[in-house]
Amino acid sequence: MSEFVLLRHREIPGLNQLKTYVANGGFSMWKKVVTSNKPEDLVREVKASGLRGRGGAGFPTGVKWSFLPNDIWPHYVVANADESEPGTFKDRELLEFNPYQFLEGLMLASFAVQANDAYIYFRGEFSQIAKKIDERIAELTTKGYLGDGLYATSYSLRVHTHVGAGAYICGEETALLESIEGKLGQPRLRPPFPALSGLFNKPTVINNVETLANLPYIIEKGSDAFRRHGTDKSPGTKIFSLSGRVNKPGNYELPLGTTFRELIYKHGEGIINGATIKAIMPAGASSTLIPATETALDTPMDYEATSALGSPLGSASVIILDETVNISRLVNSTVHFFKHESCGKCTPCREGTYWMSHITSRIESGKAKKEDIDLLKVVASQMQNKCLCALGEFSIMAVMSGLQHFRADFDARLES
Amino acid sequence: MNQLLKKYPEEIKRILAKYPTEQKQAAVMPLLHLAQGEIGFVSRTAMQEIAEITGVTTTEVASVVGFYTLFHDAPEGKIRLQVCTDVACDLRGAKEYLANLCQQLDAKPGETSMDGFITIEEVKCLAACDRAPLFQSQIGNELEYHENQTPTRTMDWLRSMSAALNGTPLRSSASIEEAPATKSTDGGGNE
């Protein structure tokens, strides 16, 4: 792709220096946005761009912002930098190498909903990145981009960092809010939704790092320019984190709607040792296993078409499985992940992931009987649609689709 | 006397200023990071002090320590070596890599090497799936990523660290008796 919107640091060396970022158009609109004082213009432009949340849900960002009530204050904006889906490593690259674009996006989002305090929630493993971002926030404050009474207006904006301590569940937005409040990271019952009662029980917008990093481009170049990439319903570019059995894993920024084939064979340079591709997990460990048929490979990676294949696009963490991968082993791995990360709040998830992990371990150890596979299916289907949050629901995706499409891999592990 | 407050007055003031004045509980996690940075784990005394600063009970602070995997309530090896073996890393040989390291260190995941220097742990996704096998080292509260590893590379690094840190085991520190006896290793109590 000739024009990066997000991974611009790959073309511009030193973009993680403020001087370089500003010299390349960074913060060009910030002063104007603040002094013209028309937050509704930002909301309108972002709505028109059709930008959808890049953290996984794909919800239209501008619409999310417009849910905040105008009679309850203060408003908060929270950046979700808790990137922890197995297979996702895109936000980390942005935070390290193009941090100001993310920060500018966070600032624009804050102004759009008139928040005076914004929080960035980092996963605990990103503590060094958080330290760096703290320095950059201090620098922006010294230089007058952040602080009280910006550009002689009445608008003030402070940005704070908050570092987690190792809990996948905190990527779920209400668990994340609990974690900022100093509690266990357990999801809240909804409603009320965060837009009405979020952080400290105040109206809150929670956006993913990549979502926010799109905003400077949209505000500077306009929604039409943004829509030049991608499809009508899934506009813009997306960072695809490609991993698994490919020759060249990595982050690739491509227009939404690019096919799996192009990502895997052109950018990822095909399968290791020229092996045959077996399945695709488009949304990391939370993904359904999609058998890698010709039709699947030619499917455009956008929110609609990927869902039609049977898996949400999620955060576009595309894990590739080839013929050397036994699906029973893989499912054992995803189930153990969710068992470890289950927060323990709701029974179907806490117990379901626990018992599934016992069964998949037994299958892997070669001591299982056919009845165990049936039992695994029963436990998984009993969890379906009964969990408090998406983590529980996601935990059965690989199990159900694995049994459906690759049953032979499980049978091969049974006690003879 | 609150030792944490006495030792880090400015840092604690800065942490509390991040949150609304009536929301002091929000400072629990940053304060835990601060306390852990010093000795590699959070002592019972530190938990009491954090509770005092934030106006919550010690039990609430301890439950936060128990819930999050990067908080520790007991001293272990000076270096925590954390290997991700999730799906994407497994597909690049992370499980075999971990098994090899465990054999060389003569310790199972979760255990500490004989000299008390290294605690090897199997952890969940570290968001560097394209550069597996990898591990994260935790020394005090300093986290560092080490990507594209082989057992040889890792062992070489450990040997150089051992020399640099004199291999003095944290285990011998006087604060060991402060550690509570039990610890839940994950939020769901599934372990």
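Everything numeric in this text was worked out from a predicted model, so none of it was measured.

Draft legend 1. How the structure looks around the interface of chain A and chain B. The interface is formed by 65 residues belonging to chain A together with 45 residues belonging to chain B. Here chain A packs against chain B, burying approximately 4,200 Å² in sum over the two surfaces, 54% of which is carbon and sulfur. Area buried by chain A at its contact with chain B is led by A:Arg92, A:Ala165 and A:His340, which between them contribute 15% of it. The shortest N-O distance in the salt bridge between A:Arg92 and B:Glu147 comes to 2.9 Å. Linking chain A with chain B are 21 residue pairs in polar contact (both at pLDDT 80 or more), by the criterion used here. Secondary structure elements with two or more residues in the side of chain A that touches chain B: strand 2 (117-122), helix 7 (127-142), strand 3 (158-163), helix 8 (173-180), strand 5 (237-244), strand 9 (317-322), helix 14 (327-341) and helix 15 (347-364) of chain A. A total of nine residues in the side of chain A that touches chain B trace back to one element, the largest contributor, which is helix 14 of chain A. Here the residues of the side of chain A that touches chain B sort into 27 nonpolar, 25 polar and 13 charged.

Draft legend 2. Quick peek at the pairing of strand 1 (residues 76-81) of chain A. All names here are of chain A. When you tally the buried positions in strand 1, you get six out of six residues, the bulk of the element. Alignment of strand 1 against strand 2, held across six bridges, turns out to be parallel. Across the sheet, residue Ala 81 finds its bridge partner in strand 2, namely Phe 122. Relative to strand 4 (residues 204-208), strand 1 is paired through five bridges, and the arrangement is parallel. Residue pairing for strand 4: Val 77 is matched across the bridge by Val 205.

Draft legend 3. View of the sheet that holds strand 9 of chain A. All names here are of chain A. Strands sit in the order 6-5-9-7-8 across an open sheet of five strands; the sheet is mixed. Unpaired on one side and paired on the other, strand 6 (250-255) and strand 8 (290-291) mark the two borders of the sheet. By the bridge criterion, four bridges tie strand 7 (residues 277-281) to strand 9 in an arrangement that is antiparallel. Within the sheet, the bridge partner assigned to Ile 280 lies in strand 9 and is Ile 320.

Draft legend 4. Region of interest: the sheet that holds strand 1 of chain A. Residues and elements named next belong to chain A. Ordered by their spatial adjacency, four strands build an open sheet running 3-2-1-4, and the pairing between neighbours is parallel. Each edge of the sheet is formed by a strand with only one pairing partner; in this case those strands are strand 3 and strand 4. For this sheet, the mean angle separating the axes of adjacent strands, direction not counted, is 20 degrees. The strands touched by helix 7 within the sheet are strand 2 and strand 3, with strand 3 carrying the most contacts at an inclination of about 165 degrees. Lying on the sheet, helix 9 (residues 209-221) is in contact with strand 1 and strand 4; it crosses strand 4 at an angle near 90 degrees.

Draft legend 5. Representation of the pairing of strand 3 of chain A in the model. Residues and elements named next belong to chain A. In terms of residue burial, strand 3 counts as a mostly covered element, since five of its six residues are buried. Direction of pairing for strand 2 relative to strand 3: parallel, over a ladder of six bridges. Note that in strand 3 the partner of Ile 120 across the bridge is Thr 161. Handedness of the strand 2-helix 7-strand 3 crossover: right-handed.

Draft legend 6. Up close: the domain arrangement of chain A. Residue and element names in this part refer to chain A. Here the domain parsing of chain A yields domain 1 (8-226), domain 2 (237-322) and domain 3 (327-411). Each of domain 2 and domain 3 has a C-alpha centre, and the two are 23 Å apart. Across the boundary between the two partners, domain 2 contributes ten residues, which contact 13 residues of domain 3. In total, domain 2 and domain 3 occlude about 970 Å² of area from one another, counting both sides; carbon and sulfur atoms represent 76% of this. Interface area lost by domain 2 to domain 3 is led by Lys 278, Ser 286 and Leu 289, which between them contribute 50%. Our count for the contact surface shared by domain 2 and domain 3 stands at one salt bridge. Here Asp 409 and Lys 278 are joined by a salt bridge, their closest N and O atoms 2.7 Å apart. Seen at the junction of domain 2 and domain 3, the total is two residue pairs in polar contact (both at pLDDT 80 or more).

Draft legend 7. Main features of the domain arrangement of chain B. Here chain B is described as being made up of domain 1 (3-67) and domain 2 (79-168). The gap between the C-alpha centroids of domain 1 of chain B and domain 2 of chain B is 29 Å.

Draft legend 8. The side chain of A:Glu253, seen in detail. All names here are of chain A. If you trace the backbone, Glu 253 turns up in strand 6. There is no salt bridge for the buried Glu 253, and the closest opposite charge comes from Arg 10, which lies 7.5 Å off by N-O distance. At 3.0 Å, the side chain of Glu 253 and the backbone nitrogen of Leu 6 are in polar contact. Reaching out from Glu 253, the side chain makes a polar contact with the backbone nitrogen of Leu 7 at a distance of 2.8 Å.

Draft legend 9. Structural view of the pattern of salt bridges. Inspection of the entire model under this criterion finds 42 salt bridges over all chains. Its salt-bridge partner being A:Arg190, residue A:Glu173 comes within 3.5 Å of it at the nearest N-O pair. Of this pair, A:Glu173 sits in helix 8 while A:Arg190 sits in the loop between helix 8 and strand 4, and the two are 17 residues apart along the sequence. A salt bridge links B:Glu38 to B:Lys7; the nearest nitrogen and oxygen atoms lie 3.1 Å apart. Note that B:Glu38 is positioned in helix 3 (residues 28-39) and B:Lys7 in helix 1 (residues 3-7), a separation of 31 residues in sequence. By relative accessible area, which is 51% here, B:Lys7 ends up exposed.

Draft legend 10. Just the environment of A:Arg188, in detail. Residue and element names in this part refer to chain A. Among the secondary structure elements, Arg 188 is positioned in the loop between helix 8 and strand 4. On a C-alpha basis, the gap between Arg 188 and Lys 345 in space is 9.6 Å, while along the polypeptide they are 157 residues apart. Discounting chain neighbours no more than four positions away, the residues touching Arg 188 are Thr 174, Leu 177, Glu 178, Glu 181, Ser 197, Gly 198 and Lys 345. In this structure the side chain of Arg 188 is engaged in a polar contact, spanning 2.9 Å, whose partner is the side chain of Glu 181. Only 2.9 Å separates the side chain of Arg 188 from the backbone oxygen of Gly 198, close enough to count as a polar contact.

Draft legend 11. Quick peek at the packing of aromatic side chains. Counted according to the given criterion, the structure contains 17 aromatic pairs over all chains. Relative to A:Phe27, the ring of A:Tyr21 lies with its centre 5.5 Å away and its plane at 80 degrees, an arrangement referred to as edge-to-face. Side by side, A:Tyr21 and A:Phe27 carry an identical accessibility label, which is buried. For the ring pair B:Phe67 and B:Tyr68, a centre distance of 4.9 Å and an interplane angle of 70 degrees mean the geometry is edge-to-face. Residues B:Phe67 and B:Tyr68 agree in their burial class; the two are buried. A:Arg92 extends its terminal NZ or CZ atom over the ring of B:Tyr145, reaching a point 4.3 Å from the ring centre. A cation sits over an aromatic face here: A:Arg123 above A:Phe126, 5.6 Å from the ring centre.

Conventions adopted
Residues numbered from 1 in each chain as written. Chains lettered and ligands numbered in written order. Predicted model: local features only at pLDDT ≥ 70, side-chain atom pairs only at ≥ 80, totals over all residues. Heavy atoms only, no water. Contact = heavy atoms within 4.5 Å. Buried area = accessible area lost by both parts, 1.4 Å probe. Salt bridge = Lys/Arg side-chain N within 4 Å of Asp/Glu carboxyl O. Polar contact = N/O pair within 3.5 Å; in protein donor to acceptor, adjacent residues only side chain to side chain. Helix = DSSP H or I, 4+ residues; strand = E, 2+ residues; numbered from the N terminus. Nonpolar A, V, L, I, M, F, W, Y, C, P; charged D, E, K, R; others polar. Buried < 20%, exposed > 50% of the residue type's maximum accessible area, 1.4 Å probe, protein only. Pairing = 2+ DSSP bridges. Axes fitted to C-alpha atoms, helices over the stretch in contact; angles between N-to-C directions. Right-handed = clockwise from strand over helix to strand, strands pointing away. Domains from an automatic or database assignment. Lys, Arg positive; Asp, Glu negative; His and termini not counted. Phe/Tyr/Trp six-rings, centres within 6.5 Å; stacked < 30°, edge-to-face > 60°. Lys NZ or Arg CZ within 6 Å of the ring centre and 35° of its normal.

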